[in-house]
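Listed below are the residues making up each chain.
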Amino acid sequence: MLERQREEVAKAKAAGKYKGRKLLATELRQEVVALASNGVAKAQIARQLNIGEASVYLILAADKKI
């Protein structure tokens, strides 16, 4: 049963059905980084932009890797 499931999932991915969730807009990412560089608290950034606090942390972590 699991083998058939894996086959069907592979077919769906090949057909473009499994795309994952959409990433946050680039402008929103830039805004998070800008606010953080101005010293705004991460929780405040999340409230201000109506995104999750975890998203703020992920954006800032990804920004530091670049």
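Residues numbered from 1 in each chain as written. Predicted model: local features only at pLDDT ≥ 70, side-chain atom pairs only at ≥ 80, totals over all residues. Heavy atoms only, no water.

Here the focus is the nonpolar core. Counting 10 residues, the largest nonpolar core is built from Leu28, Val32, Leu35, Ile45, Ala46, Leu49, Ile51, Val56, Ile59 and Leu60. Residues contacting Leu35, with those up to four places away along its chain left out, are Val40, Ile45, Gln48 and Leu49. (Core = buried A, V, L, I, M, F, W, Y, C linked by side-chain atoms within 4.5 Å. Buried < 20%, exposed > 50% of the residue type's maximum accessible area, 1.4 Å probe, protein only. Contact = heavy atoms within 4.5 Å.)

This part is about the pattern of salt bridges. Tallying each qualifying case throughout the model produces 1 salt bridge. Between Lys11 and Glu8 there is a salt bridge whose closest N-O contact spans 3.5 Å. Residue Lys11 and its partner Glu8 are located together in helix H1 (residues 2-14), separated by 3 residues, close to a single helical turn. Using a relative accessible area of 46% as the deciding quantity, one classes Glu8 as partly exposed. (Salt bridge = Lys/Arg side-chain N within 4 Å of Asp/Glu carboxyl O. Helix = DSSP H or I, 4+ residues; strand = E, 2+ residues; numbered from the N terminus.)

On to helix H3 (residues 42-49). All of the buried residues in H3 are Ile45, Ala46 and Leu49. With its buried residues spanning 100 degrees around the axis, H3 presents them on a single face. At the C-terminal side of H3, Asn50 shows a positive phi close to 55 degrees. (Arc of directions from axis to C-beta.)

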